[in-house]
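The lines below spell out each chain.
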Amino acid sequence: MNYKIGGCDVRFPHQAYGTQIAMMSKMIQALEGGKNALLEAPTGSGKTLSLLCASLAWQQREKQRIEEGMAQQRAEMAAHAAGFDAQGLPVSDTTPLNPTVRIGEIKYDLFTLPTDATEQSKNSPDSQFQVNLDSASPSTGGNNKDSGSGGGGGGFVKSEQPAASTNPNTGGGFLPADHPAATNPGEPPVIQNQKPPRIYYATRTHSQIAQVVAELKRSGYTPRMAVLASKQHYCVNSHARGQKGPLEQACDELLKESQCNYFKGVNTMLNTAVTRTVHDIEDLCKVGKRQKGCPYYLSRKLSQDAELIFGPYNYLVDPVVCRSMGIELENTIIIFDEAHNIEDVAREAASLDLERFTVMETLVA
């Protein structure tokens, strides 16, 4: 069934309960306004399915907004390069190019090209006259009527707030207010593909990830996805598992000596059907054994371009694990399932275990 919630077309596998519709509405409202949300519902009310469907529906709408905005920009740039403005009127050589692109309710403010770039563009093919769009960032202009509900369709993490711009044309959206016209003066800017915020769905344990993935299979959504887990869960190399000592150490030794045939087969697994469908840890391990490829490094590769990533809490909470896995939290949607358990995980991440012998040696010294 399809539901129109907060301007998003939400696909749902069955008729939604009232609590599910309410949760999806609050979820989309928080994402649209760039807010945090603490949502609670009774056990068995379908919270996981609601969170997945709402977040993926919103992500798809953001993707559509970006694609529509890019197409409109290209059309306006091509028209200006041919000597016409957006209304089809002739423009002079000194006419400033400072387009404002609307994507849904979100206002994209671009930049003014220098005169030499404008002159160069008039003598170049339309395909070479392009716009430079920097990496996406949320709006902070909550009071701007053009920036959408709550100030600009955010709902994702940003490392720092942008400085206030003096440009009177700025007004929110996903793009920074000020853009460099080109890498080198006089060179035409280059369009860069924008991506909607990535979704991180965190659970307390790895076993709970399998339950969430099962709900994703029911939802009907098939995003590019990855499941992050340790080598303890993913390693299918019997030789590494048979070694004494930590598995991580055995794996590292095999890699240094180029003796792990499973690692060598990672690239061949990228074209298997399982990587293009909804899958969990067990699915990748089965394919890894059959195709002689490493599921652990395959999941790391899949995460680089994934729209939805599953993992346990500590992958996001523990800064050491976060850095080692190469997880970037900027421009992301983070969902903590069963979040009442996160306090213990956060405490453990900030704690240190010391043996008594070590403490005594330190006191003596």
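Structure: above.
Residues numbered from 1 in each chain as written. Predicted model: local features only at pLDDT ≥ 70, side-chain atom pairs only at ≥ 80, totals over all residues. Heavy atoms only, no water.

(A) Spatial organisation of the sheet that holds strand β5 (residues 198-203). Pairing in this open sheet of 4 strands is parallel, and the strands run β6-β7-β5-β8 from one edge to the other. Strands with a single pairing partner mark the edges of an open sheet, and in this sheet they are β6 (225-227) and β8 (332-336). In this sheet, adjacent strand axes meet at a mean angle of 15° when their direction is disregarded. Relative to strand β7 (residues 308-312), β6 runs parallel, the two being bridged by 3 bridges. Each residue of the ladder has a partner; that of Met-225, found in β7, is Leu-308. (Pairing = 2+ DSSP bridges. Helix = DSSP H or I, 4+ residues; strand = E, 2+ residues; numbered from the N terminus. Axes fitted to C-alpha atoms, helices over the stretch in contact; angles between N-to-C directions.)

(B) Spatial organisation of the nonpolar core. One finds Val-10, Leu-216, Leu-308 and Phe-310 to be the most contacted residues of the largest nonpolar core, which totals 69 residues. Considering every element that reaches this core, the biggest residue donor is helix α2 (residues 47-81), with 8 residues. If sequence neighbours within four positions are ignored, Leu-216 has contacts with Leu-52, Leu-56, Tyr-221, Pro-223, Met-225, Val-278, Leu-308 and Phe-310. (Core = buried A, V, L, I, M, F, W, Y, C linked by side-chain atoms within 4.5 Å. Buried < 20%, exposed > 50% of the residue type's maximum accessible area, 1.4 Å probe, protein only. Contact = heavy atoms within 4.5 Å.)

(C) Seen up close, the pattern of salt bridges. Taken as a whole and judged by the stated rule, the model has 15 salt bridges. A salt bridge links Arg-65 to Glu-32; the nearest nitrogen and oxygen atoms lie 3.0 Å apart. Of the two residues, Arg-65 is situated in helix α2 and Glu-32 in helix α1 (residues 18-33); the sequence distance between them amounts to 33 residues. Taking relative accessible area as the criterion, Glu-32 reaches 6% and is therefore assigned buried. With a closest N to O distance of 3.2 Å, Arg-347 and Glu-343 form a salt bridge. Of the two residues, Arg-347 and Glu-343 are both situated in helix α14 (residues 342-349); the distance of 4 residues between them amounts to about one turn of the helix. One network of salt bridges, in which partners are shared, links Lys-63, Lys-195, Arg-224, Asp-305 and Glu-307. (Salt bridge = Lys/Arg side-chain N within 4 Å of Asp/Glu carboxyl O.)

(D) Looking closely at the pairing of strand β2 (residues 8-11). Residues Cys-8 and Val-10 of β2 are buried on one face, while the alternating residues Asp-9 and Arg-11, pointing to the opposite face, are not. Note that strand β1 (residues 2-5) and β2 share 4 bridges and pair antiparallel. By the bridge assignment for β2, Tyr-3 is matched with Val-10. Between β1 and β2, which pair antiparallel and follow one another directly, the connecting turn spans 2 residues, one of which, Gly-6, has a positive phi of 60°.

(E) Quick peek at helix α7 (residues 247-256). Every buried residue of α7 is listed here: Leu-247, Ala-250, Cys-251 and Leu-254. One side of α7 holds all its buried residues, which, seen down the axis, span an arc of 100°. Against α5 (231-234) and α6 (238-241) lie the buried residues of α7. Directly beyond the C-terminal end of α7, a positive phi value near 55° is found at Ser-258. (Arc of directions from axis to C-beta.)

(F) Region of interest: unusual backbone geometry. For Ser-258, which is not a glycine, the phi torsion comes out positive at approximately 55°. If you trace the backbone, Ser-258 turns up in the loop between α7 and α8 (261-264). Here Ser-258 falls in the partly exposed class, since its relative accessible area comes to 47%. At Lys-292, a residue that is not glycine, the phi angle is positive and equals roughly 60°.

(G) Molecular detail of the environment of Ala-16. Examined against the element boundaries, Ala-16 turns out to sit in the loop between β2 and α1. With a relative accessible area of 12%, Ala-16 lands in the buried category. Expressed as a C-alpha distance, the spacing of Ala-16 and Asn-2, which sit 14 residues apart in the sequence, is 9.7 Å. Leaving out residues up to four positions away in the same chain, Ala-16 has contacts with Tyr-3, Ile-21 and Met-24.

(H) Just the packing of aromatic side chains, in detail. One pass over the full model with this rule turns up 5 aromatic pairs. Summarising the aromatic geometry, the rings of Phe-263 and Tyr-297 are spaced 5.0 Å apart at their centres and angled 80° between planes, so their arrangement reads as edge-to-face. In this pair, Phe-263 is assigned in helix α8 and Tyr-297 in helix α11 (residues 295-304), connecting sequence segments 34 residues apart. The side chain of Arg-11 reaches across the aromatic face of Tyr-221, ending 4.1 Å from its centre. (Phe/Tyr/Trp six-rings, centres within 6.5 Å; stacked < 30°, edge-to-face > 60°. Lys NZ or Arg CZ within 6 Å of the ring centre and 35° of its normal.)

These values are about where atoms sit, not about what they do.
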